[in-house]
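Observations on the three-dimensional arrangement
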Amino acid sequence: GGGVLGRMDMGQARAQLVATNSEIQLNDFTAEVFQGRASGNARIAIGSGGQSRISAQFNELDLAGPLAVLAKGPVPLSGRASGNVDLAFPRTDFKLATGTLTTQVTAESGDESLIPISGELRLRADRGLFQVDRADLQTTASKLRATGQFSFEGDSNLQIDLSSTDASEFQT
């Protein structure tokens, strides 16, 4: 499920830590997070003008966890995400990211209050303009396909195709 917003359950984590007055590096990290596993390298800029970067692989993450963080509220979806992320951004402002994100989502059933979702998502970003190369997501009753671009600043041009045989999936 989506868990509690503001809390992120983690299991074991390991990294080679380097901390300076301008950045924190987590080299060769592995972490059990969102009920899955992530590994890679991360650099977090803590000084002004610094550049952060994350290059990681993730496996079997509970999809609702990271979506709840982005949505700032619970997300009633059930699925496991695996993929890669390679993003750089100024300071800690991920909304201005440059790089790529690819993920495969596998539906998970069991909790009847959650909607199982599966599909694929591929994004490229250039200084905060996110290009959706492929968004192909489906539930039992609905399919969503999207291409185009968006930004957190409102400059968006998305083509969305949504079809459903049960619109109650969209009511929470």
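Provided above is the structure to which this section pertains.
We now turn to the structure provided with this report. (Residues numbered from 1 in each chain as written. Predicted model: local features only at pLDDT ≥ 70, side-chain atom pairs only at ≥ 80, totals over all residues. Heavy atoms only, no water.)

Remarks on the overall build of the protein chain
- In terms of regular secondary structure, the protein chain is built from one helix and 11 strands.
- Summarising its shape, the C-alpha atoms of the protein chain cover approximately 55 × 35 × 25 Å along the three principal directions.
- The buried share of the protein chain, reckoned over its 172 residues, is 35%.
- Accessible surface for the protein chain amounts to roughly 10,300 Å². Of this, 52% is attributable to carbon and sulfur atoms.
- The average position of the 15 basic charges and that of the 20 acidic charges among the side chains of the protein chain differ by 6 Å. (Helix = DSSP H or I, 4+ residues; strand = E, 2+ residues; numbered from the N terminus. Buried < 20%, exposed > 50% of the residue type's maximum accessible area, 1.4 Å probe, protein only. Areas by Shrake-Rupley, 256 points an atom, 1.4 Å probe, with all protein chains shown as cover. Lys, Arg positive; Asp, Glu negative; His and termini not counted. Charge placed at Lys NZ, Arg CZ, Asp CG, Glu CD.)

Focus: the side chain of Asn27
- Along the chain, the position of Asn27 falls in strand S2 (residues 23-33).
- At 3.2 Å, the side chain of Asn27 forms a polar contact with the side chain of Gln25.
- Among all residues touching Asn27, those that are not within four sequence positions of it are Ala15, Gln16, Val18, Gly40 and Asn41. (Polar contact = N/O pair within 3.5 Å; in protein donor to acceptor, adjacent residues only side chain to side chain. Contact = heavy atoms within 4.5 Å.)

Looking at the side chain of Ser142
- The topology assignment puts Ser142 in strand S10 (residues 142-150).
- Given the relative accessible area of 4%, Ser142 is considered buried.
- At 2.7 Å, the side chain of Ser142 forms a polar contact with the side chain of Ser164.

Quick word on the pattern of salt bridges
- For the structure on display, the rule yields nine salt bridges.
- The residue Glu120 makes a salt bridge to Arg122 at a minimum N-O spacing of 2.8 Å.
- Between Glu120 and Arg134 there is a salt bridge, with its nearest N and O atoms 3.1 Å apart. One end of the pair, Glu120, is in strand S8 (residues 118-126); the other, Arg134, is in strand S9 (residues 129-138), and 14 residues separate them in sequence.
- Overall, Glu120 belongs to the buried group, its relative accessible area being 18%. (Salt bridge = Lys/Arg side-chain N within 4 Å of Asp/Glu carboxyl O.)

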